[in-house]
Every structure is written in structure tokens, then in C-alpha cells.
Amino acid sequence: AYLDWLSQFFDPISDRQAPTVTITSPTGGTSVAPAFTVKADASDDHIVVSVQLLVDGVAADLDIEAPYELTAPANLAAGTHQIQVIATDGFDNEGTAEATVELAPACAADADCADGQECASGTCAGALGTECHVSADCASDLCFHDTDRSICASDCTSNDQCPSGFACQRSAISPATKCFPS
């Protein structure tokens, strides 16, 4: 009478537990560049067989070994995209995680970008001094988190290395110097 109930705990043939999966990068709402990388953590009580990336419901990449790093297509149009990561175990159970990202428009020069953005490697991203959440938000690829702000910054050793309106300063929490708005 208890065989079905016991088999869910002791019989690997009746594994019904889906893997757990988390998208570690990019986080929801992040601005990304074409062919961005999606990093995920996946685990299961037995084994994770594969981790697949879907972009807007279309299969884009597959990885079978941790750490799971998947690449989005390079030809996606600029705008909002839904990413989904599906982890599958050896018993075809699936766990999913989703996030929405904003694909930044391609650019050739700073003039191709919106106010407060710069063109960096063909992608519009935050200019020095703009608010950021992660380094990928910044053209300088450095989102500096201070005690009261998170802004796009760049390393410096003197004021000569900073653009007009910025000064090479130490932050409140780090001895490293960065170009901050003066």
C-alpha cells in the first residue's frame, strides 16, 4: 500500500524532483550587448544532464557541463528580450529560470547613443558618472559601488586622465582612485 509513496524517496527510477536553476548573469533589467553571455547555476538531487538557453522562446545555446555559460545570438534586434534557462536532469525533469534583459542598440560613435551614454565596442552603455548596477551597464566596464552611490567610473592616477568635469579622487571605501564627477 505504501510502495508508491516509498518509491519517491528510495527508488531512483521514479525521480520526480526537477532541478533547481538560477540565472546568475545577467540579472533582470540589465542592459546587454549583442551575443551576450548568460551564466547559470543548476543542481539536482541526482544529476543535471543539460542546461539550455532560450531567447524569446527560441533555443539559442546548450551546455552540458558546469559552470554553465550560454551565448545569446549575435543577430538579436535591439530592445527587450526574455531569456529562459532550462535545466534538465537524467529523468527529463525540468527546472526553469527567467529574466528580461534590454539589448542595447549597436553604435559606431558616441553620437549614435542616447544622452548619458557612450559607444563602447559597438554598444551604447552608461557614460562616466551615470548610475549603474553592474559593470556591463558602463562604457568603461566599471560600475563602482561606493557608500552612497553606484556610478560608472574609470581608474586613474591623476586628474589628467579624467575627462572635463571629473577629478581623480579616492572613494570613501577604497584607497583606489577613480574618475568621479567633480
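Above this text is the structure in question.
In this text the structure is predicted, and so the values were computed from the model without any measurement.

Asks: An account of the sheet that holds strand β7 (residues 79–89) is requested, with residue identities and associated values reported.
Replies: Paired through backbone hydrogen bonds, the strands of a sheet run either parallel or antiparallel to each other. With mixed pairing, the five strands of this open sheet are ordered in space as β2-β8-β7-β4-β5. Of all strands in the sheet, those with a lone pairing partner are β2 (31–32) and β5 (58–63), marking the two edges. With seven bridges joining them, strand β4 (residues 48–55) and β7 adopt antiparallel strand pairing. Looking at β7, one finds that Gln52 is bridged to Ile86.

Asks: Pulling in residues and values, what's your account of the state of the cysteines?
Replies: This model, assessed by the stated rule, comprises six disulfides. The disulfide that involves Cys107 links it to Cys119, with 2.1 Å between the sulfurs. For the disulfide bridge between Cys107 and Cys119, the dihedral angle about the S-S bond is near 95°, and by the sign convention the bridge is right-handed. Placement of Cys107 in the loop between β8 (94–103) and β9 (117–120) and of Cys119 in strand β9 is noted, with a sequence separation of 12 residues between them. In this pair, the class of Cys107 matches that of Cys119, namely buried.

Asks: So what's going on with unusual backbone geometry? Residues and values would help.
Replies: A cis amide bond links Ser25 to the next residue, Pro26, at an omega of -5°. As for its position among the elements, Pro26 is in the loop between β1 (20–25) and β2. With an omega of 0°, the peptide bond between Ala66 and Pro67 qualifies as cis. Tracing the chain through its elements places Pro67 in the loop between β5 and β6 (68–71).

Asks: Explain the pairing of strand β14 (residues 177–181) residue by residue, including any values.
Replies: On a regular strand, one side chain projects to one face of the sheet and the next to the other, so that they alternate. In the sheet, strand β13 (residues 166–170) pairs with β14 via five bridges, with the strands oriented antiparallel. From the neighbouring strand, Cys168 faces β14, where its bridge partner is Cys179. Joining the antiparallel neighbours β13 and β14 is a turn of six residues.

Asks: Account for the sheet that holds β6, naming residues and giving values.
Replies: Pairing is antiparallel across the open sheet formed by three strands, whose spatial order is β1-β3-β6. Taken across any chain shown, the strands that pair with only one partner, and hence form the sheet edges, are β1 and β6. Within this sheet the neighbouring strands show an average axis-to-axis angle of 30°, counted without direction. Inspection of the sheet shows β1 paired to strand β3 (residues 37–43) by five bridges, in the antiparallel sense. Bridged to Thr20 within β3 is Ser43.

What counts, and at which threshold
- Residues numbered from 1 in each chain as written.
- Predicted model: local features only at pLDDT ≥ 70, side-chain atom pairs only at ≥ 80, totals over all residues.
- Heavy atoms only, no water.
- Pairing = 2+ DSSP bridges.
- Helix = DSSP H or I, 4+ residues; strand = E, 2+ residues; numbered from the N terminus.
- Disulfide = S-S within 2.5 Å.
- Buried < 20%, exposed > 50% of the residue type's maximum accessible area, 1.4 Å probe, protein only.
- Axes fitted to C-alpha atoms, helices over the stretch in contact; angles between N-to-C directions.

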